[in-house]
Amino acid sequence: MADLRDALMEALRGVEEPGLNLNVVQAGLVRQLDVSDDKIRCDLTLITPASPYQDSLRQDAERALAPLAGERSVSVQLVPEVPSDGRNRGLARAPIKNAIAVASGKGGVGKSTVAVNLAAALAHAGASVGLLDADVYGPNVPTMMGVDRLPPAFEGGMTPAEAFGVRLISIAFLVKPGQPLIWRGPMLHSAIRQFVSDVAWGPLDYLVVDLPPGTGDAPLSLSQSMPLSGAVIVTLPQKVSLEDASRSLEMFRTMEVPVFGVIENMSFLELPDGTRVDVFGEGGGRAMAEQYDTPFLGALPMDPSVRQAGDAGVPFVISHPDSAAARSMLAITQDLAVRVSVAALKHGQPIPIQILD
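Calculation rules
- Residues numbered from 1 in each chain as written.
- Predicted model: local features only at pLDDT ≥ 70, side-chain atom pairs only at ≥ 80, totals over all residues.
- Heavy atoms only, no water.
- Axes fitted to C-alpha atoms, helices over the stretch in contact; angles between N-to-C directions.
- Helix = DSSP H or I, 4+ residues; strand = E, 2+ residues; numbered from the N terminus.
- Left-handed = near helix turned anticlockwise from the far one by under 90°.
- Contact = heavy atoms within 4.5 Å.
- Nonpolar A, V, L, I, M, F, W, Y, C, P; charged D, E, K, R; others polar.
- 1 Å grid on protein atoms, 1.4 Å probe; cavity = no way out; pocket = protein on both sides within 12 Å on 5 of 7 lines; lining within 4 Å.
- Points joined across faces, edges and corners; volume = space filled by probe spheres on them.
- Salt bridge = Lys/Arg side-chain N within 4 Å of Asp/Glu carboxyl O.
- Buried < 20%, exposed > 50% of the residue type's maximum accessible area, 1.4 Å probe, protein only.
- Pairing = 2+ DSSP bridges.
- Core = buried A, V, L, I, M, F, W, Y, C linked by side-chain atoms within 4.5 Å.

Visitor: Help me understand the packing of helix 1 (residues 2-12) against helix 2 (residues 54-69), please; the structure alone is not making it clear to me.
Guide: If you want to describe how two helices pack, look at the angle between their axes and the distance between the axes. Direction vectors running N to C along helix 1 and helix 2 enclose 145°, while the axes themselves pass 9 Å from each other. Judged by the sense of rotation from one axis to the other, the crossing of helix 1 with helix 2 is right-handed. For the pair helix 1 and helix 2, the contacting residues are Leu4, Ala7, Leu8, Ala11 and Leu12 in the first and Ala61, Ala64, Leu65 and Leu68 in the second. A per-class count over the contact of helix 1 with helix 2 returns nine nonpolar, no polar and no charged.

Rendered as structure tokens:
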């Protein structure tokens with residue numbers, strides 16, 4: 001049995017985790033390999049439940065093991081385990097493995113829509129997800145998630161609301177509807193700090209943070225209160241949006257926060273006859289990503305279902321899963337989730353992992 005097990009491990013060296021430049025043995029993804037008289041069972045770690053490679057990874061492992069199995073059956077199970085980036089988030093009450101900021105240079109580009117649907121898509125895949133609405137001047141997340149109040153507080157802290165498997169907090173829960181927040185930097189810093197330290201998030205694979213537009217106090221306060229795994233920049237294709245988004249990207253680089261990539265929202269409008277109209281221009285997000293040597297995560301089309309879902313309080317990846325926007329958002333989420341996990345492994349472990357573009 002020992003010789004067979006060694007041979008099986010050697011066979012698994014031919015199975016590559018498609019998101020990493022390593023085979024599953026090198027990467028330490030073989031959790032369990034059991035051999036009995038009638039069965040071979042192999043458990044492999046899946047670095048994110050949102051991985052687009054689940055089926056191919058399982059099939060490749062089964063094909064690698066089958067020639068050595070003889071009359072035994074072969075069972076390959078994938079066990080999701082999102083790696084932690086190893087950053088110390090001491091203010092948080094429970095471990096937060098990865099914190100992803102969603103930012104834009106200007107308002108009106110759909111940043112909150114992206115943040116809400118990113119969080120919902122990750123949760124739908126099976127991850128534990130929090131959503132922090134740090135856009136205190138325009139807190140739209142509760143409306144988009146269909147939540148209007150927090151659960152009862154507990155002594156010494158707040159309980160986050162929950163919708164679609166996502167735990168969320170927003171200043172909108174704490175002020176009267178329509179009340180403007182005329183805050184200076186210290187008050188903003190205090191609010192963001194409390195959202196990290198006084199909210200019972202519980203253990204999280206991902207905390208998605210919806211930042212206010214621009215390069216003001218909020219990103220700086222957030223990075224001081226809670227180290228970020230990285231940021232995502234949302235832009236429109238038009239020149240004005242790209243100029244502001246570029247400033248946001250440079251801000252994160254100045255603060256030494258990794259930029260996972262650029263998302264181009266409202267990329268085009270598809271008419272009933274199939275004609276595409278470039279309402280805000282064409283290809284600006286991709287060109288910006290190339291200019292700054294950062295990944296282009298994808299483009300989201302203009303789609304009535306996006307507006308309908310936001311108004312109804314249901315993320316469009318849940319309410320309209322077959323829409324063009326939802327399919328694009330799912331692909332972006334899968335790509336981003338792999339990049340976040342790869343970055344976490346690179347930051348937390350001394351192994352030569354590279355992102356495969």
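Visitor: Explain the layout of surface pockets to me, please; I cannot follow it from the model alone.
Guide: Over the atoms a probe the size of a water molecule is rolled, and this reveals where empty space is left. What the largest pocket holds in volume is close to 360 Å³. Taken together, 20 residues make up the lining of the largest pocket; nearest its centre are Thr113, Met266, Asp303, Val306 and Arg307. When contributions to the lining of the largest pocket are tallied by element, the ones reaching two or more residues are helix 3 (111-125), helix 4 (141-145) and helix 9 (304-312). Here the lining of the largest pocket takes five residues from helix 9, the largest share from any one element. Here the lining of the largest pocket is composed, by residue class, of 11 nonpolar, six polar and three charged.

Visitor: What exactly am I supposed to notice about the pattern of salt bridges here?
Guide: What the rule picks out here adds up to 14 salt bridges. Lysine 111 is the partner of aspartate 135 in a salt bridge, and the nearest nitrogen-oxygen pair spans 3.4 Å. Of this pair, aspartate 135 sits in the loop between strand 5 (129-133) and helix 4 while lysine 111 sits in helix 3; the two residues are 24 residues apart in sequence, bridging distant segments of the chain. For the pair formed by aspartate 135 and lysine 111, the shared burial category is buried. Note that aspartate 311 is salt-bridged to arginine 307, the shortest N-O span being 3.2 Å. Note that aspartate 311 and arginine 307 are positioned in helix 9 at a spacing of four residues, about one turn of the helix. Residue class for aspartate 311 comes out exposed when judged on its relative accessible area of 55%. Linked by salt bridges that have partners in common, Asp85, Arg87 and Arg89 make up one network.

Visitor: Could you clarify how one ought to interpret the sheet that holds strand 2 (residues 39-46) in this entry?
Guide: Strand pairing in a sheet is mediated by backbone hydrogen bonds. Such pairs are either parallel or antiparallel. Read from one edge of the open sheet, three strands run 1-2-3, paired in mixed fashion. Of all strands in the sheet, those bounded by a partner on one side alone are strand 1 (30-35) and strand 3 (73-80). On average, each strand axis in the sheet is inclined to that of its neighbour by 10°, with strand direction left out of account. Bridging between strand 1 and strand 2 involves five bridges; their strand directions are antiparallel.

Visitor: Is there a simple way to explain the nonpolar core in this structure?
Guide: Soluble, globular proteins show a tendency: their nonpolar side chains are buried together. The biggest cluster of nonpolar side chains holds 45 residues, and the ones touching the most others in it are Val129, Leu131, Met145, Leu168, Tyr206 and Val208. With nine residues, the single largest contributor to this core is helix 3. When near neighbours in sequence (up to four residues on either side) are disregarded, valine 129 contacts Ala119, Leu122, Ala123, Gly165, Val166, Arg167, Leu204, Tyr206 and Val208.

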